[in-house]
There are 2 protein chains.
Amino acid sequence: MKTISEHKCFGGVQGYYAHASKEIGLEMKFAVYQPPQIASGRVPILYYLAGLTCTEETFAIKAGAQRVAAELGLILVAPDTSPRGANVPGEADSWDFGVGAGFYVDATQVPWSKHYRMYSYVTRELPELITTKFPADTARQGMFGHSMGGHGALVCALRNPGQYRSLSAFAPIAAPMRCPWGKKAFKGYLGEDQARWRDYDASELVKRAPFPGTILVDQGLADKFLADQLYPEVFEAACRESGQKLTIRRQEGYDHGYFFISTFMEDHLRHHAGQLRM
Amino acid sequence: MKTISEHKCFGGVQGYYAHASKEIGLEMKFAVYQPPQIASGRVPILYYLAGLTCTEETFAIKAGAQRVAAELGLILVAPDTSPRGANVPGEADSWDFGVGAGFYVDATQVPWSKHYRMYSYVTRELPELITTKFPADTARQGMFGHSMGGHGALVCALRNPGQYRSLSAFAPIAAPMRCPWGKKAFKGYLGEDQARWRDYDASELVKRAPFPGTILVDQGLADKFLADQLYPEVFEAACRESGQKLTIRRQEGYDHGYFFISTFMEDHLRHHAGQLRM
């Protein structure tokens, strides 16, 4: 692991790092915020997965999470949203598939399957690296994310409830099998067989087994993607069906961007701190 | 004035706007945050001037100021850092002069003098526009900024103490006549006569007449530009000489970027609220 840069922030350190990823087969970058509490021991980790077109820098720059993380004593980790430099033909042709749009799946379709393994990267390789290199309490890990990353957070935590003890999302793609973004990504990365898609659809996964804690979701009602891409009502119904505890808040006037996310960031961090029994 | 976009943020509205500027002779963009308190009347305005290479978007995205502005009831205004599209030969050749580097002066040298009139734009035309188009209390205006914009804020407020009632800066270029950035800019925009430079040098201006309120300055001690470009000690000595009330805080470990700024943003906003008797 190499350090790209580190910056003091709210008494802690916001850093950018890179490493040679075995899962991805390429260099991957990620951001970590270490709160001042690391001076006195290991602290819980909260992973944030970002949305389409974002990088490992987006959350650190735009979400305004460091202030409350410094108060609560949370390590914040934000990976990139796809491999970079895989050189798959056409990977940069669209903003919602390929580069910047890994969808947090392990691709099974050639040629994507070689490098586009973001699910295993995010749930296995990156946590191992983080807990080796940073003073992280592995027994207390949570996950959240936005849009494509909200989808990713729901999927990763629902499939690994022993690993993640807290979960929330901002405007997640909550039923990707039904929406244009999800269909395009799943067809491209996973192929035509929709049975495979279900392993990456939060509204399907929650029916198999609910997450042990309450899931917090914020959704802006002025979000231009709400009607066609996000389907929170499908996830809400699936949660009801499976007995999943869910707090879904529909926020009047808020759109899909980071001005929405930053407004409710503190609530999410305190939700995670509560679930992680801090 | 036209609206580029508006986004709900902490109960208020973060907007980006453009207008045909008479001072600049080109379209200029700026950002405005309106807090929720505008629903019940006019509120104070705080102007933020950004640093080299920044645009009207930088402060809104990176500084994390909206949360406290929403609490205190402050309008935040952030202009761009130079004309755009002036097409002066060589204006985009360096990052510290020309585009993104207007230095908040009225250029007197041809060909810069036609469009590079950021001092008059920021202190005259923009405030008139803001108070016409937004529910702003013109009797309560403050100014702050970062680096080149910290220089700009100090200069604008020291020259117009009746107009601005509160003043602060993050890592300002505090004695531009002595540093490479300032010498290059002043020579290019104002010519060889250093007598003219003094009208744009905070450490000279404060000796002519102190600002009525206390000036707050934060300076990171891990700032790579501190030794060669910023000279806070020169400004500090000038303030002492002229009886200027100054609170200068040297922050261990902090660098020149927005992770530093966001850490101390709340302190600055509360400083302004206090000076504006909110």
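This text goes with the structure placed above it.
About the cut-offs
All chains use their own residue numbering, which begins from 1 and follows the written sequence. All chains are assigned letters beginning at A, and all ligands numbers beginning at 1, according to the order in which they are written. pLDDT decides what is reported in this predicted model: residues at 70 or higher carry local features, side-chain atom pairs at 80 or more are listed and counted, and totals for whole chains, interfaces and linings draw on all residues regardless. The basis for every side-chain value is the complete set of heavy atoms in the structure, and neither hydrogens nor water enter the calculation. Working definition: helices are DSSP H or I runs of at least four residues, strands are E runs of at least two. Numbering for both runs from the N terminus. To sort residues, take the accessible area from a 1.4 Å probe on protein chains only and compare it with the maximum for the residue type: under 20% means buried, over 50% means exposed, and anything in between is partly exposed. Every residue pair with non-hydrogen atoms within 4.5 Å of one another is taken to be in contact. Whether two strands pair depends on DSSP finding at least two bridges between them. Geometry is summarised by axes, namely lines fitted to C-alpha atoms with helices restricted to the contacting stretch, and by angles between N-to-C directions that run from 0 to 180 degrees. Residues below a pLDDT of 70 in either copy are left out; the C-alpha atoms of the rest, at least 70 in both, set the least-squares superposition of the copies. Working definition of a nonpolar core: buried Ala, Val, Leu, Ile, Met, Phe, Trp, Tyr and Cys residues. They are joined through side-chain atoms within 4.5 Å. Of all possible arcs, the one meant is that of the directions from the helix axis to the C-beta atoms.

Q: Help me understand the overall build of chain A in this model?
A: When helices and strands are counted, chain A shows 10 helices and 9 strands. Expressed as lengths along the three principal axes of its C-alpha atoms, the size of chain A is roughly 50 × 40 × 35 Å. Looking at the 278 residues of chain A, the share that counts as buried comes to 60%. Residue pairs at least 24 apart in sequence account for 73% of intrachain contacts in chain A once pairs closer than 6 positions are excluded.

Q: Teacher, can you tell me more about the sheet that holds strand E3 (residues 27–34) of chain B here?
A: The strands that make up a sheet are held in pairs by hydrogen bonds between backbone atoms, and each pair lies either parallel or antiparallel. Residue and element names in this part refer to chain B. Taken together, 9 strands build an open sheet; the order of strands is E1-E2-E3-E5-E4-E6-E7-E8-E9 and the sheet is mixed. The sheet terminates laterally at strand E1 (2–9) and strand E9 (246–251), the two strands that pair on one side only. The mean inter-strand angle of the sheet, taken between neighbouring strand axes irrespective of direction, is 20°. Two strands pair when backbone bridges link them, and strand E7 (residues 166–170) and strand E8 (residues 215–220) are joined in this way by 4 bridges, in the parallel orientation. Bridge pairing in E8 links Ser 168 to Leu 216. Most of the contacts of helix H3 (residues 118–133) go to E3, to which it runs at about 55°, and overall it touches strand E2 (12–20), E3, strand E4 (43–49), strand E5 (75–79) and strand E6 (136–146). On the sheet, helix H10 (residues 258–275) packs against E4, E5, E6, E7, E8 and E9 and is oriented at approximately 170° with respect to E7.

Q: I'm lost on the relation of the copies chain B and chain A in this one. Help?
A: Overlay of chain B on chain A (RMSD 0.0 Å): rotation 180°, translation along the axis 0.0 Å. When the rotation and shift are considered jointly, the pair of chain copies conforms to a two-fold rotation axis. The fraction of interface residues of chain B whose copies in chain A are also interface residues reaches 95%, indicating that both copies meet through the same surface.

Q: Got a minute to help me understand the nonpolar core in this structure?
A: Nonpolar side chains in soluble globular proteins tend to be buried together. Grouped together as the largest cluster of nonpolar side chains are 97 residues, with contacts concentrated most on Phe 30, Phe 59, Phe 103, Ile 130, Tyr 189, Met 265 and Leu 269 of chain B. The next biggest cluster of nonpolar side chains, apart from the first, holds 96 residues, and it includes Ala 63, Val 105, Phe 186 and Tyr 189 of chain A.

Q: What's the story with the sheet that holds strand E3 (residues 27–34) of chain A in this structure? I'm lost.
A: The strand order across the open sheet built from 9 strands is E1-E2-E3-E5-E4-E6-E7-E8-E9 (chain A), with neighbouring strands paired in mixed fashion. On the outer flanks of this sheet lie strand E1 (2–9) and strand E9 (246–251) of chain A, each paired with one strand and no other. Averaged over neighbouring strand pairs, the angle between their axes works out to 20° when direction is ignored. The pairing of strand E2 (residues 12–20) of chain A with E3 of chain A spans 8 bridges and is antiparallel. In the strand pairing of E3 of chain A, Ala 18 of chain A is matched with Lys 29 of chain A. In the packing of H10 of chain B onto the sheet, contacts are made with E1 and E2 of chain A, and the angle to E1 of chain A comes to roughly 25°.

Q: Sorry, what's going on with helix H9 (residues 232–242) of chain A here?
A: Because an α-helix packs 3.6 residues into every turn, residues spaced three or four apart end up facing the same way. All names here are of chain A. Among the residues of H9, Pro 232, Val 234, Phe 235, Ala 238 and Cys 239 are the ones counted as buried. One face of H9 carries all of its buried residues, which in axial projection span an arc of 160°. Away from its buried face, by an angle of more than 90 degrees, H9 presents the exposed residues Arg 240 and Glu 241. Those residues of H9 that are buried lie in contact with helix H4 (148–159), helix H7 (202–208), strand E8 (215–220), helix H8 (226–230) and E9.

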